[in-house]
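For reference, the chains in residue letters:
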Amino acid sequence: MIADIVVDLQYGDCGKGKITHHLLRQGAYTHCVRYNGGCNAGHTIYHEGKRFITHHIPAGVFFGVRSVIGGGCVVNLEQFFSEIEMLETGGIKCDGLVKIARNAHIITDRHMEEEAAEEEIGTTRRGNGPAYRDKYARRGLRAEMIPGLTDYVVDLYEEFHHYPAARILCEGAQGFGLDIDWGDYPYVTSSHCTTAGALLNGIPHTAVRKVWGVAKAYETYVGSKKFHGEGEIFDKLQKVGQEYGATTGRPRQCNWTNLSLLNRAIQINGVTDLVINKVDVLRELDAWSFRLDNKDGISIHLHSEDTWKEYLELYLPQLELHFSDNPERI
Ligand code: IMP
Ligand code: MG
C-alpha cells in the first residue's frame, strides 16, 4: 500500500482541490479518500473546462477512481445525494464509485438547527461541531446505522488492506490554522486537519510516500476573529483574489502569509512537497510581503517577485517549492 496526502497549511481555501485533481490526473491511484470535515468544506475544481464546487465527494470521481468519505468525516445525507446528482448532471459518473466509511458520522437536522444562529466562532453553520460532539460523547449516528446507505457503506480495513496494492490519495479539508488541536482555538473547526488526521482513516504511517502541503501566496480566514490586515491593500487583495467563501459566500479576511505558521505547519505535517498558489494575485498588486509571528508582529516587504521567491526558498531550504499562478493547474 502507498498513500500520498494533500494537506492545507493555512486556514483552508488554499487550493487543495486543484492539487488533488492534478495528482489524480496522473492516473496512479486506486482510491481517493476524504479524511476529515463535512460539508463545511468547499473544494473548487476545474474539470475539462467546467467549474465544480464539491463539499463531500472526493475528487476521485472526476477520473473514475473509487472515492471514499473517511471515518474522520461527518456527512449530511441530503447534501451527499444532491452533490452526486449535481456531478452526474455535469457528466461525472459517480455510480458505484462513491463510498462512505461505516464509522463516518451523520450530521442530523438537529445538529444543523443547533448551529443555525451561531456567531461566536463564525462557523459555516453546517452542523459540524455538534455532529463531532455527539461522536465523542458516544451518542452519534454512524453511517452503518442508516438502512438507506447499505450500497454505499464500506469498512476501511477491508477497503485498504484487503486490496492487493492500494494506492491511495488522501484529500484533506480545512487547514492547519483551523485544526482542532493546532489551530487558534476556539477559532477552529472540530476535526483533525493534519497528516495525522489522514492516518486515522486506517492508513499505516509506513504507507505514506509524499505529503503535499498546500499554501497560498497570502493568507485568508473566514470566521469571527479579527484577521484582516490594516490598510487598503488588503481590501484589494480580497477583490483581486476573489476571496469569497465557496460554501457560505462570506468575504474572506486577508493578510500576508505568516512564515512562522507556515514553517510550523510544514514540520508538524511532515510536508515533502510544497505548493504556493495564487502568486498571480500578488503579481497583479505588485505587493510582495510576509509576516513573522513574533511579539512585534514584524512584516517583511520585498520589492519584486524574484526576491520574494528567493526569501521563501532561503526560509524553507529543505523543500522543493512549486509556485502556481493559474486556477486550473500547478
Ligand atoms: P465549522 O467547521 O463550520 O465548525 O467552522 C469553524 C471555523 O472553520 C469557521 O471559522 C469556518 O469559517 C472555518 N471553516 C470551516 N470549513 C472551512 C473551509 O472549508 N474553508 C475555510 N474555512 C472553513
Ligand atoms: Mg474551500
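Everything below is about the structure printed above this text.
Given the structure is predicted, the values throughout are model-derived calculations rather than measurements. (Residues numbered from 1 in each chain as written. Chains lettered and ligands numbered in written order. Predicted model: local features only at pLDDT ≥ 70, side-chain atom pairs only at ≥ 80, totals over all residues. Heavy atoms only, no water.)

K.L.:
Would you take a moment to explain the packing of aromatic side chains for this structure?
P.N.:
The relative placement of two aromatic rings is captured by the distance of their centres and the angle of their planes. Using the criterion set out here, one finds 13 aromatic pairs in the structure. Summarising the aromatic geometry, the rings of Phe81 and Tyr152 are spaced 5.6 Å apart at their centres and angled 75° between planes, so their arrangement reads as edge-to-face. With Phe81 in helix H2 (residues 77-89) and Tyr152 in the loop between helix H4 (128-136) and strand E9 (153-154), this pair connects stretches of sequence that are 71 residues apart. Judged by centre distance (4.9 Å) and plane angle (55°), the ring pair of Phe234 and Trp256 falls under tilted. Here the residue Phe234 occupies a position in helix H7 (residues 232-240), and Trp256 occupies one in strand E13 (residues 253-258), the gap between them amounting to 22 residues. Across the pair, Trp256 and Phe234 agree in class, each one buried. By way of ring pairs, the aromatic residues Trp288, Phe290, Trp308, Tyr311 and Phe323 are connected into one cluster. Above the plane of the ring of Tyr221 lies Lys225, whose end atom (NZ or CZ) is 4.9 Å from the centre. Taking the ring centre of Phe323 as reference, the NZ or CZ of Lys309 above it sits at 5.0 Å. (Phe/Tyr/Trp six-rings, centres within 6.5 Å; stacked < 30°, edge-to-face > 60°. Helix = DSSP H or I, 4+ residues; strand = E, 2+ residues; numbered from the N terminus. Buried < 20%, exposed > 50% of the residue type's maximum accessible area, 1.4 Å probe, protein only. Lys NZ or Arg CZ within 6 Å of the ring centre and 35° of its normal.)

K.L.:
Is there a simple way to think about the pairing of strand E11 (residues 208-216) in this case?
P.N.:
Every other side chain in a regular strand lies on the same face of the sheet, so the side chains alternate between the two faces. Note that strand E1 (residues 2-8) and E11 share six bridges and pair parallel. Paired with Val7 across the two strands is Gly213, which belongs to E11. Bridge count between E11 and strand E14 (residues 273-277): five bridges; the pairing is parallel. Opposite Ala215, over in E14, you have Ile276 as the bridge partner. (Pairing = 2+ DSSP bridges.)

K.L.:
So what exactly am I meant to see when it comes to the site of ligand 1 here?
P.N.:
Within the structure, ligand 1 sits among 16 residues, and Asp13, Asn40, Thr124, Thr189 and Val222 are positioned closest to it. Residue Asp13 places a side-chain N or O atom 3.3 Å away from a nitrogen atom belonging to ligand 1. Val222 is positioned with one of its backbone polar atoms (N or O) 2.6 Å from an oxygen atom of ligand 1. If ligand 1 stood free it would expose 470 Å²; the protein chains cover 96% of that surface. Across the shell around ligand 1, the residue classes break down as six nonpolar, eight polar and two charged. (Near = heavy atom within 4 Å. Polar contact = N/O pair within 3.5 Å; in protein donor to acceptor, adjacent residues only side chain to side chain. Areas by Shrake-Rupley, 256 points an atom, 1.4 Å probe, with all protein chains shown as cover. Nonpolar A, V, L, I, M, F, W, Y, C, P; charged D, E, K, R; others polar.)

K.L.:
Is there a simple way to think about the environment of Gly140 in this case?
P.N.:
In this structure, Gly140 sits in the loop between H4 and E9. Note on Gly140: relative accessible area 21%, which makes it partly exposed. Those residues in contact with Gly140 that lie beyond four places of it in its chain are His105, Asp134, Lys135 and Met145. (Contact = heavy atoms within 4.5 Å.)

K.L.:
Looking at this structure, I do not really get the sheet that holds strand E7 (residues 98-101). What am I missing?
P.N.:
As a general point, the strands of a sheet are linked pairwise by backbone hydrogen bonds and lie either parallel or antiparallel. The strand order across the open sheet formed by nine strands is E9-E7-E5-E2-E10-E1-E11-E14-E17, and the pairing between neighbours is parallel. Across the chains shown, the open sheet's two edge strands, defined by having one partner strand only, are E9 and strand E17 (320-323).

K.L.:
What's the story with the pattern of salt bridges in this structure? I'm lost.
P.N.:
Should their charged atoms come close, side chains of opposite charge can pair. For the structure shown, the criterion picks out 21 salt bridges. Of the charged contacts in the structure, one is a salt bridge between Asp134 and Arg133, with a shortest N-O distance of 3.2 Å. On the basis of relative accessibility, which here comes to 37%, the residue Arg133 falls in the partly exposed class. Linking Arg291 and Glu219 is a salt bridge whose minimum nitrogen-to-oxygen distance equals 2.7 Å. Placement of Arg291 in strand E15 (residues 288-291) and of Glu219 in strand E12 (residues 218-221) is noted, with a sequence separation of 72 residues between them. Residue classification places Arg291 among the buried residues on the basis of a relative accessible area of 19%. On the basis of relative accessible area, Glu219 is assigned to the buried category, the value being 1%. One network of salt bridges, in which partners are shared, links Asp13, Lys216, Glu243, Arg252 and Lys278. (Salt bridge = Lys/Arg side-chain N within 4 Å of Asp/Glu carboxyl O.)

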